[in-house]
Amino acid sequence: MNSTDQYQEIRDGVRALCAQYPDEYFRKVDEQRAYPEAFVNALTEAGWLAALIPQEYGGSGLGLTEASVIMEEINRCGGNSGACHGQMYNMGTLLRHGSEAQKREYLPKIASGKLRLQSMAVTEPTTGTDTTKLKTTAVRQGDRYVVNGQKVWISRLQHSDLMILLARTTPVNQVSRKSEGMSIFIVDLQQALGSGLSVRPIPNMVNHETNELFFDNLEIPAENLIGEEGRGFKYILDGLNAERTLIAAECIGDGYWFVERATRYANERIVFDRPIGKNQGVQFPIAEAYMEIEAANLMRFKACALFDAHQPCGAEANMAKHLAAKASWEAANACLQTHGGFGFACEFDVERKFRETRLYQVAPISTNLILSYIAEHVLGLPRSF
Ligand SMILES: Cc1cc2nc3c(=O)[nH]c(=O)nc-3n(C[C@H](O)[C@H](O)[C@H](O)COP(=O)(O)OP(=O)(O)OC[C@H]3O[C@@H](n4cnc5c(N)ncnc54)[C@H](O)[C@@H]3O)c2cc1C
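Thresholds applied
- Residues numbered from 1 in each chain as written.
- Predicted model: local features only at pLDDT ≥ 70, side-chain atom pairs only at ≥ 80, totals over all residues.
- Heavy atoms only, no water.
- 1 Å grid on protein atoms, 1.4 Å probe; cavity = no way out; pocket = protein on both sides within 12 Å on 5 of 7 lines; lining within 4 Å.
- Points joined across faces, edges and corners; volume = space filled by probe spheres on them.
- Nonpolar A, V, L, I, M, F, W, Y, C, P; charged D, E, K, R; others polar.
- Near = heavy atom within 4 Å.
- Polar contact = N/O pair within 3.5 Å; in protein donor to acceptor, adjacent residues only side chain to side chain.
- Areas by Shrake-Rupley, 256 points an atom, 1.4 Å probe, with all protein chains shown as cover.
- Helix = DSSP H or I, 4+ residues; strand = E, 2+ residues; numbered from the N terminus.
- Expected span 1.5 Å × (residues − 1).
- Buried < 20%, exposed > 50% of the residue type's maximum accessible area, 1.4 Å probe, protein only.
- Contact = heavy atoms within 4.5 Å.

Novice: What is the right way to look at empty space enclosed by the protein in this model?
Specialist: Take a probe with the size of a water molecule and roll it over the atoms, and the empty space left behind shows itself. Evaluated as defined, the whole model comprises one cavity of 30 Å³ or more. Counted as a void, the largest cavity has a volume near 50 Å³. Taken together, Tyr-89, Asn-90, Thr-93, Met-120, Ile-236, Gly-239, Leu-240 and Glu-243 form the lining of the largest cavity. Looking at the lining of the largest cavity residue by residue, the classes come out as four nonpolar, three polar and one charged.

Novice: Mind showing me how you'd approach the site of the ligand here?
Specialist: The environment of the ligand is made up of 17 residues, and the closest members are Thr-123, Thr-129, Trp-153, Ser-155 and Ser-366. Contacts to the ligand include Thr-129, whose side-chain N or O atom sits 2.4 Å from an oxygen atom. Measuring from a nitrogen atom of the ligand, one finds a backbone N or O atom of Trp-153 at 2.8 Å. Look at the ligand: alone it shows 970 Å² of surface, and the protein chains cover 65% of it. For the shell around the ligand, the element with the highest residue contribution is strand 3 (residues 144-155), accounting for three residues. Grouping the constituent residues of the shell around the ligand by class yields ten nonpolar, seven polar and no charged.

Novice: What's the story with helix 4 (residues 64-76) in this structure? I'm lost.
Specialist: Given 3.6 residues per helical turn, the α-helix brings residues three or four places apart onto the same face. Here helix 4 contains 13 residues, and its C-alpha end-to-end distance of 18 Å stays within 8% of the 18 Å for a straight helix at 1.5 Å per residue. Of all 13 residues that make up helix 4, 13 are buried, and the element is covered over most of its length. Among the residues trailing helix 4, Gly-78 stands out with phi positive, at a value near 105 degrees.

Novice: I tried to follow the side chain of His-339 on my own but got confused; where do I start?
Specialist: Following the sequence through the fold, His-339 ends up in the loop between helix 10 (314-338) and helix 11 (350-358). Contacts of His-339, omitting those with residues within four sequence positions, involve Arg-261, Ala-262, Tyr-265, Phe-348 and Val-350.

Novice: What am I meant to see in the environment of Asn-241 here?
Specialist: Take Asn-241: it is sitting in helix 8 (residues 232-268). Classification of Asn-241 by relative accessible area gives buried; the value is 17%. Between the alpha carbons of Asn-241 and Gly-227 there is a distance of 19 Å; along the sequence they are 14 residues apart. Each residue touching Asn-241, except ones within four places of it in the same chain, is listed here: Phe-307, Cys-313, Gly-314 and Ala-317.

Novice: Honestly, the environment of Lys-321 in this entry has me stumped. Any pointers?
Specialist: With respect to the element layout, Lys-321 can be found in helix 10. On a C-alpha basis, the gap between Lys-321 and Ala-296 in space is 8.3 Å, while along the polypeptide they are 25 residues apart. Filtering out sequence-adjacent residues up to four positions away, Lys-321 remains in contact with Arg-244, Ile-247, Ala-248, Tyr-360, Gln-361, Ala-363, Pro-364, Ile-365 and Ile-370. Of note is the side chain of Lys-321, whose polar atom sits 2.9 Å from the backbone oxygen of Ile-365.

The following block contains the structure:
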């Protein structure tokens, strides 16, 4: 479990920082449904959240592999990267498709921590996973776009300065493919709130700040359009491989955390005058979960390597996310079961991590949609929708 790899320096650095934010910190933040502000600030100040920003814009110019190790370590140390992972992949959308002026304007401020780009608004209440049917519109009027519509489950907005918004700029009946005619914009949240954007927080199972958004004639300067008008859906898709791979790494981190805690407890807890870990009924689920995590980890590193080599990696990124989310959930179950009743006690942190890791079977993409992607786009089975 403690084997070293070529990323040991990054692991040690992130672990040292995380050691200052122990279980009690995250437990309290969870209990208060608060944002781990001090932790995210410390990560930003140490430069970890600017890993993927090129050096010329003030970041460290690392690859997705290294970024994924940072996210993995946060979760492996008992934290939850969900509070801050948005910046890692949202920034990539700006980097790949933004103009030079936009990159110069935003990236150095994101790297230094002056601005946060933690939010991306795609999902809508009435269309869900069927993204190309989204109903939020952005209509060009002179030097502005006027936005109307609604979004749901938009995370970290209240702890972000900027948000990437996907909206339809050409009605679906005027484009040849339904994936065309959508565009992405940078929204300055301080300007938007109260001037066309209103927000309703959604209380939910995990301590994840997420919201419903209502756009009522929100005006966005035309210069905030990212890339070309009408190509926004493609730009969002381009960013998803990074997002899925990073989430896979977080699940791997969770998985190791669960296995370590389960193993420790199984060695320590004495029932019937012997450690419960002596019973194979207790050992085997932990061993099985460990194997699944190790296997998923191989796919995660494969996806990272392909991404960093600028090779197609859609299949690997999706498979890594799916396998890792399944493995971490299996490990969570084994860990909770191993702890018996104490698994339900907040002070053991198992129930918190159990809730947190469950999310990844649903968001940012649900398991069925990954299975359908593999079936149809990789294996060539007939399209279902
Ligand atoms: C805590 C949280 C944070 C989130 N953060 C963000 C965010 O920051 N930004 C953002 O844009 N979105 C965010 N989301 C939204 C998330 O991406 C969606 O919830 C997810 O993509 C599923 O969409 P849905 O909830 O509309 O489910 P639906 O699309 O309504 O699907 C419901 C269920 O039906 C299944 N299903 C639907 N169609 C099919 C089909 N054709 N075949 C098989 N199964 C199908 C799905 O797999 C799913 O299990 C977040 C969600 C949560 C819960």
